[in-house]
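# A structural walkthrough
Spelled out, the chains give:
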Amino acid sequence: MNSLTLISILLTIVVYIGAMKLARIVRSPFTNPVLTTTIVLITILHFSGVSYQEYSPAKDWISSLLGPATVALGVPLYKNRDIIKEKMVPAAIGILIGTLSTIVSAVWLSKALQLPEDIQAASAVKAVTTPVAIDTVKIIGGDPTLAAAFVIASGIFGAIFAPILLSVANISDPFSRGLSVGTVSHGIGTSQIMVEGPIQGAVSSVAMGTAAIITPIILPVIFRFL
């Protein structure tokens, strides 16, 4: 690991800690730590003259921690296992429909806009967590880097707007809110909806994990027909 990579890792950690403190002080979807950290890092890299390729090794090291971080979401899941068991069947149906909808809508919209095939493939995996998206997009011939960018953008968008849209639609049930966000906005959305309560966070974790299991199974089959 060279000095630039080490500095980039430390910089990312420091900026993220600062973003988390800001999120605690200013409670808003627009102060989501991932969004704030992304904006600050892009600004710093731009004005310091550090290219994405030079920063990439630091990104790869940090991304390797996504697996353990995803597993840690099992804690709220365990604590709220009774309510999840009670609504398991409707939840499974909702996650399946939500996963299919986000894949089909993303690919159809990409085709309607006449975007290249690699963008169509990357958009199809935008709703699952990054490690799963990177491996799944390879199966359908997509670009892992592009897929990761779509995943992050989708997560940030969901974290900011999903709670607002759910409230506008008068969806106040904690279980339903968590299920919706976790299905389409993976870990970033889950981190935001956890602020609302433990049930929302637990259910969102389940939805995120289930969507990550379903997507690699159904995507290679349905992608060729879209």
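How each quantity is defined
- Residues numbered from 1 in each chain as written.
- Predicted model: local features only at pLDDT ≥ 70, side-chain atom pairs only at ≥ 80, totals over all residues.
- Heavy atoms only, no water.
- Salt bridge = Lys/Arg side-chain N within 4 Å of Asp/Glu carboxyl O.
- Helix = DSSP H or I, 4+ residues; strand = E, 2+ residues; numbered from the N terminus.
- Axes fitted to C-alpha atoms, helices over the stretch in contact; angles between N-to-C directions.
- Parallel < 35°, antiparallel > 145°, perpendicular 65-115°, else oblique.
- Left-handed = near helix turned anticlockwise from the far one by under 90°.
- Contact = heavy atoms within 4.5 Å.
- Nonpolar A, V, L, I, M, F, W, Y, C, P; charged D, E, K, R; others polar.
- 1 Å grid on protein atoms, 1.4 Å probe; cavity = no way out; pocket = protein on both sides within 12 Å on 5 of 7 lines; lining within 4 Å.
- Points joined across faces, edges and corners; volume = space filled by probe spheres on them.

Per the counting criterion, the structure on display carries 1 salt bridge. A salt bridge links R177 to E196; its shortest N-O distance comes to 2.8 Å. Of the two residues, R177 is situated in helix α11 (residues 174-193) and E196 in the loop between α11 and α12 (198-223); the sequence distance between them amounts to 19 residues.

This paragraph deals with the packing of helix α1 (residues 3-25) against helix α3 (residues 52-63). The interhelical angle for the contact between α1 and α3, taken along N-to-C directions, is 55°, at an axis separation of 8 Å. Considered as vectors, α1 and α3 are oriented oblique to each other. You can see that α1 and α3 cross each other, and the crossing is right-handed. Across the interface between the two elements, L4, T5, S8, I9 and T12 of α1 pack against E54, Y55, P57, A58, W61 and I62 of α3. Of the residues in the contact of α1 with α3, the class split is 7 nonpolar, 3 polar and 1 charged.

Let us look at the layout of surface pockets. The space that makes up the second largest pocket amounts to roughly 410 Å³. Taken together, 18 residues make up the lining of the second largest pocket; nearest its centre are A162, S180, V181, V184 and S185. When contributions to the lining of the second largest pocket are tallied by element, the ones reaching two or more residues are α7 (88-112), α10 (144-168) and α11. Each residue belonging to the lining of the second largest pocket can be placed in one class, and the counts come to 9 nonpolar, 8 polar and 1 charged.

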